[in-house]
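Fold and contact review
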Amino acid sequence: MGRHPGRHLLYLLIGTVVALACAARGQAPAESLVMEANRARTWSMGETSAVALDGGVTILSDRVRLYAQQAVVWVRAAPGSPGVQIVEIALIGQAKVEQATGIRSGSRIMVNLPVRGTIRVTAQQRLAVDASDSELYQQAERMRRGEPEEAPPPRQPAPTPPVPGVPPAPEPRAAAPARPETPPAPSEPRVERPEVAPQPEPTAPERTPAPREPLAPFQAPDRPAEPVASTQPSAPINFQAREIETRAGPDGKMIVLLSGGVTLLSRRDNGD
């Protein structure tokens, strides 16, 4: 028995009590436990291992089936029961427990399950990180201690959407503070002044316009006559093009605009 026979005897007694309690409740240790989720975060806290599961949580054993959106699992060895582990599971969000005795469902469910065998975690993303400071773990820890669920904060009424074409109602304005009444100023004695007759305005003397000398007629300087250009071509010109556009020039002559494959043909008097 070693140096402390009383301690080993105590562990044996506790293990026997746990086994009898499980048998009385119909919870014999499961042979295996498989946990599946989209993401799993695992870490250790002394002799206890913790797992935080997120997204599509499914926990299966040969005794029970558990489902939830999120879950936190604690695994520790059962005192005095070699090979037996106590698994505490906090199911959060659309929780459901299926077993031979029936089905339970709710927003949060706490499950204790003894397991004798392998415990496996399967996840699309598995991280070895301490998540004890997360909101998920804090909520699960309160469930583990048996604390009541916190009531959600009251919802604020949603603002009324504006109606097209109707201006919003003006916000009420606070009334301006009343001003103290000031006593009327004492009236001054009226002094009558003698009326002054209006004086006629002085008129400016009329000005006589000075006579203007007649202007000499303007004569343009003599310029030599400019030669007149002949508009008649010396020989006819034939043209071809994909696009032909005619416009009137500023001098009244016709302008022809050619573009795309332009060909000009001119025939002289000698037949060339």
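To keep things clear, this report deals only with the structure shown in the data block.

So, how was this worked out
Residues numbered from 1 in each chain as written. Predicted model: local features only at pLDDT ≥ 70, side-chain atom pairs only at ≥ 80, totals over all residues. Heavy atoms only, no water. Helix = DSSP H or I, 4+ residues; strand = E, 2+ residues; numbered from the N terminus. Buried < 20%, exposed > 50% of the residue type's maximum accessible area, 1.4 Å probe, protein only. Contact = heavy atoms within 4.5 Å. Areas by Shrake-Rupley, 256 points an atom, 1.4 Å probe, with all protein chains shown as cover. Phe/Tyr/Trp six-rings, centres within 6.5 Å; stacked < 30°, edge-to-face > 60°. Lys NZ or Arg CZ within 6 Å of the ring centre and 35° of its normal. Salt bridge = Lys/Arg side-chain N within 4 Å of Asp/Glu carboxyl O.

Once that is clear, we can look at the overall build of the chain. Along the backbone of the chain there are two helices and nine strands. Counting helices and strands in the order they occur from the N terminus, the chain gives α-β-β-β-β-β-α-β-β-β-β. Residues classed as buried in the chain amount to 21% of the 272 residues present. Counting only contacts in the chain whose residues sit at least 6 apart along the sequence, the fraction spanning at least 24 positions is 54%. Carbon and sulfur atoms make up 54% of the accessible area of the chain, which amounts to about 22,800 Å² in all.

Inspection of the entire model under this criterion finds two aromatic pairs. Look at Trp43 and Tyr137: their rings are 5.7 Å apart centre to centre, the planes differ by 65°, and that puts the pair in the edge-to-face class. Placement of the pair is Trp43 in strand β1 (residues 30-45) and Tyr137 in helix α2 (residues 135-144), with a sequence separation of 94 residues. Residue Trp43 shares its accessibility class with Tyr137, and that shared class is buried. An aromatic cluster of at least three residues, connected via ring pairs, comprises Trp43, Trp74 and Tyr137. Positioned above the aromatic ring of Trp74 is the side chain of Arg144, whose terminal nitrogen or guanidinium carbon lies 4.5 Å from the ring centre.

Inspection of the secondary structure assignment puts Thr48 in strand β2 (residues 48-61). You can call Thr48 buried: its relative accessible area is 15%. In contact with Thr48, not counting residues within four places along its chain, are Trp74, Val75 and Arg76.

Now for the pattern of salt bridges. Tallied over the entire structure, the rule returns nine salt bridges. Arg39 is the partner of Asp54 in a salt bridge, and the nearest nitrogen-oxygen pair spans 3.3 Å. Of this pair, Asp54 sits in strand β2 while Arg39 is found in strand β1, placing the two residues 15 residues apart along the sequence. Of the residues examined, Arg39 reaches a relative accessible area of 29% and is grouped as partly exposed. The salt bridge partner of Glu147 is Arg145, with a shortest N-O separation of 3.0 Å. The class of Glu147 is partly exposed, set by a relative accessible area of 33%. A network of salt bridges, in which partner residues are shared, links Arg76, Glu88, Glu141, Arg144, Arg145 and Glu147.

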